[in-house]
Amino acid sequence: MVRFVSIDIGNDAIKGFLGNLENRIYIPNVIAQANDREIVEMEKNPLNALHVEITSSALKNKNGSFTVGKLASKYPNNDELTPDQDKADSDQPIVMLLTTLAYDAVNHFPEEDGIIEATYYLSSGLPLDETKKGKAKYFRKKLKTAQHEVKFLKTPSLEGKVVHIKFEQILVNTEGFAAFVDLTTNRDGSIKNEELIGKTILINDIGGLSTDSAIITAESEVDNEYSNGIKRGVSTYFDNIIRKVYTKHKYTIKSRRTLVEIITNNDPEEQYHIWVDGNRVSIKEIIDEELYVLAKEEYKLIKDMWRNVPDIRLSYQIGGGSLILKPYLSKINQTDKNYPLRFVSEDDSIWMIARAYFKILLMYLQSKGVSIEAAATKV
Ligand SMILES: Nc1ncnc2c1ncn2[C@@H]1O[C@H](COP(=O)(O)OP(=O)(O)OP(=O)(O)O)[C@@H](O)[C@H]1O
Ligand SMILES: [Mg+2]
């Protein structure tokens, strides 16, 4: 028996499809070293209280115990990702990935003598700058040849379960190109948005710590010369805002995520506001100031792309960062080049890459003559 999954290992959060396109998983990309802990009575959902020991030759230290996701974000020593780390070289993406799969495995593979043996077809990917450097092969090999064991420690309802993870196949895609696949193919592999085919398209994926600018040629291939990735995203600007709000109002916004909620709140009473001693205080000026700086940088990137590749006909903005920057980018664009910039829905912005990885996996299986239903039930 095997399971088919796609995982987008985002710097901000893991997004995945497990088994099919209806079953999604989202886990904030935060880990903290933790050998032991008390299970809190209130913890019911294992996803919010993941605590694991991982033994894998893919990890630099071969073994470690971590809290993962929401639980880790409550730990003072949690690891914040910094822009200088490559996903292919770091341990954190491996910890996130294996924990996600182990969580899936306990519900889908049988347990024998206390051990769950799980085999996966995995479709994942790396940012453009890393695949350009040839990291995909290394990343794939690191996962495919290694033995991985995930033991659930103090995780409600999963404590003591041991999962052995093995990969039957691993596809390592390029994040930006994957988005193009999602834009142009339906779930059954047929073509959608036909008007995009045969045109040069720019796809900007503005993430937490990185921005990928993929140029897709008229032949539907990545333009390796001009496509580009930079280690810059919204997270560092969120940190600046949080610092400035503290300096000015002596009020601490708890996390980047809390700030995102303040910025995107649909209630005008709450949006751009904090409550200091019960009084409503606007922080819009600070937010505008910081995000405008980032938007200008991102716009400059778009301009560079259009200058280098004048054939670009459309630019899609995706990633959580594009949702945040949409008003600023649109405003700059209006007074500057008036490029045809397209934004996608909130849901698509976040899930597009993971969904693309799943579609790519389906196409791969189809090309190999593997039927997903048959393979999934074959023991
Ligand atoms: N629904 C949402 N609305 C607005 N912003 C969001 C939403 N969901 C997430 N974000 C924010 O957008 C930012 C980028 O999220 P995204 O999931 O695209 O990054 P990522 O894929 O994890 O990072 P990277 O692509 O750099 O690896 C994060 O700071 C996140 O908090
Ligand atoms: Mg991303």
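Okay, so let's go over this structure. (Residues numbered from 1 in each chain as written. Chains lettered and ligands numbered in written order. Predicted model: local features only at pLDDT ≥ 70, side-chain atom pairs only at ≥ 80, totals over all residues.)

Here we come to the packing of helix 5 (residues 235–249) against helix 7 (residues 284–308). Put simply, helix 5 and helix 7 touch, their axes get as near as 10 Å, and they point 155 degrees apart. Considered as vectors, helix 5 and helix 7 are oriented roughly antiparallel to each other. Like other packed secondary-structure pairs, helix 5 and helix 7 cross with a definite hand, here right-handed. Seen from helix 5, the contacting residues are Tyr237, Asn240, Ile241, Lys244 and Val245; seen from helix 7, they are Ile286, Ile287, Glu290, Leu291 and Leu294. (Axes fitted to C-alpha atoms, helices over the stretch in contact; angles between N-to-C directions. Helix = DSSP H or I, 4+ residues; strand = E, 2+ residues; numbered from the N terminus. Parallel < 35°, antiparallel > 145°, perpendicular 65-115°, else oblique. Left-handed = near helix turned anticlockwise from the far one by under 90°. Contact = placed C-beta atoms within 7 Å.)

Now for helix 7. In this model, helix 7 (25 residues) spans 35 Å end to end at C-alpha, consistent with the 36 Å of a helix rising 1.5 Å per residue. Those residues of helix 7 lying buried are Ile287, Glu290, Leu291, Leu294, Ala295, Glu298, Tyr299, Ile302 and Met305. Next to the buried residues of helix 7 lie strand 11 (200–206), strand 12 (211–216), helix 5, helix 6 (256–264), strand 16 (312–318) and helix 8 (320–335). (Expected span 1.5 Å × (residues − 1). Buried ≥ 20, exposed ≤ 12 C-beta atoms within 10 Å, placed from the backbone.)

For strand 2 (residues 13–18) and strand 3 (residues 24–28), the ladder comprises five bridges, and the chain directions are antiparallel. Bridge pairing in strand 3 links Ala13 to Pro28. The turn linking strand 2 back onto strand 3 is made up of five residues, and Gly19 within it adopts a positive phi angle of 85 degrees. (Pairing = 2+ DSSP bridges.)

This part is about the site of ligand 1. Every one of the 22 residues lining ligand 1 counts as a neighbour, but Gly10, Asn11, Asp12, Gly207 and Gly320 are closest to it. Listing elements by their share of the shell around ligand 1, those giving two or more residues are helix 6, helix 8 and helix 9 (346–367). (Near = placed C-beta within 6 Å.)

Our focus in this paragraph is helix 1 (residues 92–108). If you check helix 1, its first and last C-alpha atoms are 25 Å apart, about what 17 residues at 1.5 Å a residue would give, namely 24 Å. With 14 of its 17 residues buried, helix 1 lies for the most part within the structure.

Our next topic: the sheet that holds strand 13 (residues 228–230). The mixed open sheet is built from five strands, whose spatial order is 13-12-11-16-17. Taken across any chain shown, the strands that pair with only one partner, and hence form the sheet edges, are strand 13 and strand 17 (341–343). Ignoring which end each strand starts from, the neighbouring axes of this sheet average 15 degrees apart. As judged from the six bridges shared by strand 11 and strand 12, these two strands associate in the antiparallel manner.

With respect to the helices and strands, Thr131 occurs in helix 2 (residues 128–132). Along the chain, Thr131 and Ile94 lie 37 residues apart, while their C-alpha atoms are 17 Å from each other. Among all residues touching Thr131, those that are not within four sequence positions of it are Leu126, Ala136 and Thr174.

Positive phi is not limited to glycine here, since Tyr272 has a value of about 65 degrees. Relative to the assigned elements, Tyr272 resides in the loop between helix 6 and strand 14 (273–276). For Tyr272, a count of 16 C-beta atoms within 10 Å translates into the label partly exposed. Although it is not a glycine, Asp277 sits at a positive phi angle of roughly 50 degrees.

Okay, the pairing of strand 9 (residues 148–152) next. Across the two faces of strand 9 the burial differs, with His148, Val150 and Phe152 buried and Glu149 and Lys151 not buried at all. Relative to strand 9, strand 5 (residues 50–56) is paired through five bridges, and the arrangement is antiparallel. Residue pairing for strand 9: Ser56 is matched across the bridge by His148. The pairing of strand 9 with strand 10 (residues 162–174) spans four bridges and is classified as antiparallel. What sits directly across from His148, in strand 10, is Ile165.

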